[in-house]
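Here is how the chains run, residue by residue.
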Amino acid sequence: MPTASKTAFVADTTLGLSPEEALKHGIHLVPVQVIRGERGYRDLLEITPEEVLALLEKGERLSTSQTAPEDLRATYERLLKDHDRILSVHLSGKLSGTVATAQAVARDYGERVKVLDSWSLNGGLWLVLEEARRLLRQGVTWERLEEAVAPYRARVRGYVLPKTLAYLHRSGRIGGLARFVGGLLRILPVLVVRDGQVEAGPKVRGFAEGMRKMAELFRQDFPEGALVHLAHAGNPEGAKALGALLKAEGVEVLSLLNAGAAVSVHAGPGTIAFFAGPRG
């Protein structure tokens, strides 16, 4: 029976850690792609988070795309030389084709590679991966792993606050009129990540009110407390303020992550977020 120590853990770069930081936590990264014009760039390898933010702030239109099959295959081949099994955990299949691509590649390796849809991204992905690692250490069988993770995965939430409506408008998530009116009134939506989807939550007036609303939603969803990862897209001060708000609620913040290319492209520079899951 595979154990956590004999299992390699793979995630895509929406996780929000650098490859070096991820390896310290026993996680091997595969890049999603950042699309600029006709060319794709492998996230963190051929384009940095800082370069993504700088291009967006200059007005360039970027998009993101799924991890390339060849990057998944090369990673699986390398890791299977030293490990019995691979658990490959990825951002929600409702947000990206990475899960489907990974599943297609994994078929060539039979039961040695298992692909798990996190139903989330960034810190939510990390929470689901660590729950899977914990279950393996507890002796959950490889065959039952996804079934055992499912109740935890369904409880994970993400709360995202963009600094402006401009990038949601560019990505087609809001219309021009909504952007115009929202800009005049400084109205922003709190976005909620749950069940693999991004939903528009409450509308707030201004960034400070948005942070308070995020904390309020968190209290409603996790009255018993939770594990939390913070994230930001070029807004460390905003993330620090959000972290202070959560710590005042008695929340232990596990890490501060880079929001990653997917969040930056669709929600824009300045976005702050946090992801929460039940304590194990």
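Before any of the text, the structure's been laid out above.
The paragraphs below set out a description of the structure included in this document.

By size, the foremost hydrophobic cluster in this structure holds 62 residues, and its most contacted members are L15, L145, L161, F218 and F274. With eight residues, the top contributor of residues to this core is helix α5 (residues 123-137). Apart from the residues within four sequence positions on either side, L15 is in contact with A22, I27, L29, N122, G123, L125, W126 and L257. Counting residues in each nonpolar core, the second largest holds 15 residues, with A8, A106, Y109 and V115 among its members.

This part is about helix α2 (residues 49-57). Among all positions of α2, only V52, L53, L55 and L56 are buried. The buried residues of α2 occupy an angular sector of 165° when the element is viewed end-on, so they sit on one face. Opposite the packed face of α2, turned more than 90 degrees from it, sit the exposed residues E50 and E57. G59 sits one or two positions beyond α2 and adopts a positive phi of about 95°.

Between helix α9 (residues 207-221) and helix α10 (residues 236-248), the least distance of the axes is 10 Å, while the angle of their chain directions is 40°. One finds that α9 runs oblique with respect to α10. Here the hand of the crossing between α9 and α10 comes out right-handed. Only G238, A241, L242, L245 and L246 of α10 make contact with α9, whose side of the interface consists of M211, R212, M214, A215 and F218. Residue composition of the contact of α9 with α10, grouped by class: eight nonpolar, one polar and one charged.

In this model, W119 sits at a positive phi of 60°, which is unusual for a non-glycine residue. One non-glycine residue, D195, lies in positive phi territory at about 50°. Here D195 lies in the loop between β9 (187-194) and β10 (197-205).

Let us now look at the sheet that holds strand β12 (residues 253-258). Strand order in the open sheet made by the six strands is β10-β9-β8-β13-β11-β12, with mixed pairing throughout. Where the open sheet ends on each side, the last strands, each with one partner, are β10 and β12. Across the sheet, the mean angle separating the axes of adjacent strands is 20° when strand polarity is ignored. In terms of strand pairing, strand β11 (residues 227-232) meets β12 through five bridges, oriented parallel. Within β12, the position partnered with A231 by the bridge is L257. Sheet contacts for α9: β8 (157-161), β9, β10, β11 and β13 (272-277); angle to β8, the most-contacted strand, approximately 170°.

Locating K114 in the fold gives a position in strand β7 (residues 113-117). No salt bridge is formed by the buried K114; its nearest oppositely charged neighbour, E111, is found at 4.6 Å. Side-chain polar atoms of K114 contact the backbone oxygen of W142, separated by 3.3 Å.

Here G37 shows up in the loop between β3 (33-36) and β4 (39-42). Considering only alpha carbons, one finds G37 and E60, 23 residues apart in sequence, at a separation of 9.1 Å.

Moving on, we get to the sheet that holds β4. The strand order β4-β3-β5 describes an open sheet built from three strands, whose pairing is antiparallel. The open sheet has two edge strands, β4 and β5 (62-65), and neither has a second partner. The mean angle between the axes of side-by-side strands here comes to 35°, regardless of whether they run parallel or antiparallel. The sheet contact formed by β3 and β5 spans four bridges and is antiparallel. Following the sheet pairing, R36 is matched in β5 by L62.

Right, let's talk about α10 for a bit. With 13 residues, α10 ought to run about 18 Å at 1.5 Å a step, and its terminal C-alpha atoms sit 18 Å apart, in line with that. All of the buried residues along α10 are G238, A239, L242, G243 and L246. Buried residues of α10 fall within an arc of 135° about the axis and therefore sit on the same side. In this structure, α10 carries E237, K240, K247 and A248 as exposed residues pointing more than 90 degrees from its buried face. Buried-residue contacts for α10 involve α9, β11, β12 and β13. At the C-terminal side of α10, G250 shows a positive phi close to 85°.

Cut-offs and rules
- Residues numbered from 1 in each chain as written.
- Predicted model: local features only at pLDDT ≥ 70, side-chain atom pairs only at ≥ 80, totals over all residues.
- Heavy atoms only, no water.
- Core = buried A, V, L, I, M, F, W, Y, C linked by side-chain atoms within 4.5 Å.
- Buried < 20%, exposed > 50% of the residue type's maximum accessible area, 1.4 Å probe, protein only.
- Helix = DSSP H or I, 4+ residues; strand = E, 2+ residues; numbered from the N terminus.
- Contact = heavy atoms within 4.5 Å.
- Arc of directions from axis to C-beta.
- Axes fitted to C-alpha atoms, helices over the stretch in contact; angles between N-to-C directions.
- Parallel < 35°, antiparallel > 145°, perpendicular 65-115°, else oblique.
- Left-handed = near helix turned anticlockwise from the far one by under 90°.
- Nonpolar A, V, L, I, M, F, W, Y, C, P; charged D, E, K, R; others polar.
- Pairing = 2+ DSSP bridges.
- Lys, Arg positive; Asp, Glu negative; His and termini not counted.
- Salt bridge = Lys/Arg side-chain N within 4 Å of Asp/Glu carboxyl O.
- Polar contact = N/O pair within 3.5 Å; in protein donor to acceptor, adjacent residues only side chain to side chain.
- Expected span 1.5 Å × (residues − 1).

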